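# Understanding the architecture of this molecule
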Amino acid sequence: MSLTTALLYMQTLAAGIAGIQEAPAYPPESFNQFPIVVSFVTAGELVQESSGFGFALDTICTEIHGVRAVLPKDVAAMLSYGDLFFAKIIADPTLGGNVSTIEGNPTRAFGHMTWGAPPTGQITLGWRFEVRVKTLLTGV
C-alpha cells in the first residue's frame with residue numbers, strides 16, 4: 001500500500017477507457033497525443049495515532065486533457081470521460097488495494113485547463129478529478 005502505486009493505478013484505470021490515447025506512468029513535460037491523462041498529488045497530511053502507527057491523507061489529482069481547438073466539437077468529445085472515469089473510481093474504493101479507502105466524496109470539474117508554465121503552457125480542455133485517499137503507515 002503506497003501513494004506511488006495508487007498514482008500509477010489511477011493511470012491504469014484511465015488507460016482502460018476507450019479513446020484515451022496516453023496515460024504515462026509519470027507526467028510528461030508536454031503533450032503530444034490527446035486525450036492524455038496525468039495523475040499527481042496536490043496535498044497531504046500525516047496523522048500519528050500512536051507510537052509507530054499512523055496514516056496519511058493525500059489528495060490525488062487526475063486530469064484528463066483533450067484538444068482545445070473547436071470548442072463545440074471538443075466539448076462533445078470530452079464530456080463522456082467524466083462519467084466513465086468517475087464510475088471506475090467509485091467502483092474501487094481501495095484503488096486496487098493501493099490505499100485503505102477513499103475519504104469523503106471525490107470531486108470533479110470540467111473546462112479550460114493548461115499544462116506547463118506560462119507563457120509556453122499548453123491550453124487544453126478536460127476533466128480534473130480530486131480524490132482524497134487514506135493510506136496506513138507503520139514505523140511513524
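The sections below set out a description of the structure shown in this document. (Residues numbered from 1 in each chain as written. Predicted model: local features only at pLDDT ≥ 70, side-chain atom pairs only at ≥ 80, totals over all residues. Heavy atoms only, no water.)

## What about the overall build of the protein chain?
Under the convention used in this document: Helix and strand assignments follow DSSP, with helices taken as H or I runs no shorter than four residues and strands as E runs no shorter than two, numbered in order from the N terminus. Note on method: radius of gyration uses C-alpha positions; expected globular size equals 2.2 Å times residues raised to 0.38.
Broken down by element type, the protein chain carries two helices and five strands. In the protein chain, the succession of α and β elements from N to C terminus is α-β-β-α-β-β-β. Against the compact-globule benchmark of 14 Å for 140 residues, the protein chain has a radius of gyration of 16 Å, which places it among compact chains. Based on the C-alpha atoms only, the size of the protein chain along its principal axes is roughly 55 × 35 × 20 Å.

## Overview of the pairing of strand 2 (residues 53–66)
Let me state the cut-off plainly: Burial status follows relative accessibility: with a 1.4 Å probe on protein chains alone, a residue under 20% of its type maximum counts as buried, one over 50% as exposed, and anything between as partly exposed. Any two strands are treated as partners once DSSP identifies two or more bridges connecting them.
For strand 2, a buried count of 13 out of 14 residues is recorded, marking the element as mostly surrounded by other parts of the structure. Where strand 1 (residues 36–50) lies against strand 2, 13 bridges are found, and the strand directions are antiparallel. Pairing of leucine 46 across the sheet is with alanine 56, part of strand 2. Between the antiparallel neighbours strand 1 and strand 2 lie two residues, among them glycine 52 with a positive phi of about 85 degrees.

## Considering helix 1 (residues 3–15)
Stated precisely, the cut-off is as follows: Here the expected length of a helix is defined as 1.5 Å per residue gap, with one fewer gap than residues. By definition, the arc is the one covered by directions from the helix axis to the C-beta atoms.
Taking 1.5 Å of rise per residue, the 13 residues of helix 1 would be expected to cover 18 Å, and the 19 Å separating its terminal C-alpha atoms lies within 8% of that figure. What helix 1 keeps buried is the set Ala6, Leu7, Met10, Gln11, Leu13 and Ala14. Looking straight down helix 1, one finds its buried side chains confined to an arc of 160 degrees; they lie on one side.

## Quick look at the environment of asparagine 98
Where we set the bar: Two residues qualify as a contact provided that any one of their heavy atoms is within 4.5 Å of a heavy atom in the partner residue. Pairs of N or O atoms are called polar contacts if they sit within 3.5 Å, as long as, within protein, a hydrogen donor faces a hydrogen acceptor (for residues adjacent in sequence, only side-chain-to-side-chain pairs).
Position of asparagine 98 relative to the elements: it lies in the loop between helix 2 (71–90) and strand 3 (101–102). For the pair asparagine 98 and threonine 4, spaced 94 residues apart in sequence, the C-alpha to C-alpha distance is 8.7 Å. Those residues in contact with asparagine 98 that sit more than four places away from it in its chain are Met1, Ser2, Thr5, Ala6 and Tyr9. Within the structure, asparagine 98 has its side chain in polar contact with the backbone oxygen of leucine 95 (distance 2.7 Å).

## So, the side chain of histidine 65
Of note, histidine 65 is situated in strand 2. Within polar-contact distance, the side chain of histidine 65 engages the side chain of glutamate 63 at 2.7 Å. Here threonine 124 takes part through its side chain, which lies 2.6 Å from a polar atom of the side chain of histidine 65. Apart from residues no more than four positions distant in its own chain, histidine 65 is found in contact with Phe31, Phe34, Pro35, Ile36, Val38, Met78, Met113, Thr114, Trp115, Thr124 and Leu125.

## Observations regarding the environment of methionine 1
You can see methionine 1 is positioned in the segment before helix 1. With relative accessibility at 56%, the residue methionine 1 sits in the exposed group. C-alpha separation for the pair methionine 1 and alanine 76, spaced 75 residues apart in sequence, amounts to 37 Å. The residues touching methionine 1, leaving out its near neighbours within four places in the chain, are Gly97, Asn98, Val99, Ser100, Thr135 and Leu136.

## Describing the packing of aromatic side chains
The condition that has to hold: Two rings from Phe, Tyr or Trp (for Trp, the six-membered ring) form a pair when their centres are within 6.5 Å of each other. A pair whose planes differ by under 30 degrees is stacked, one over 60 is edge-to-face, and the rest are tilted. By definition, being over a ring means that NZ of Lys or CZ of Arg is both within 6 Å of the ring centre and within 35 degrees of the ring normal.
According to the stated counting rule, one finds six aromatic pairs in the structure shown. Between phenylalanine 31 and phenylalanine 34, the ring centres sit 6.0 Å apart and the planes meet at 90 degrees, which makes this aromatic pair edge-to-face. What makes phenylalanine 31 buried here is its relative accessible area of 4%. For the ring pair phenylalanine 31 and tryptophan 115, a centre distance of 5.2 Å and an interplane angle of 25 degrees mean the geometry is stacked. Here tryptophan 115 lies in strand 4 (residues 107–115) and phenylalanine 31 lies in the loop between helix 1 and strand 1, a separation of 84 residues in the sequence. As far as the burial class goes, phenylalanine 31 and tryptophan 115 line up, both buried. Joined through ring pairs, the aromatic side chains of Phe31, Phe34, Phe40 and Trp115 make up one cluster. The lysine or arginine in question, arginine 108, covers the ring of phenylalanine 86, its NZ or CZ lying 5.0 Å from the ring centre. Over the ring of phenylalanine 55 we find lysine 134, and its NZ or CZ is 4.4 Å from the ring centre.

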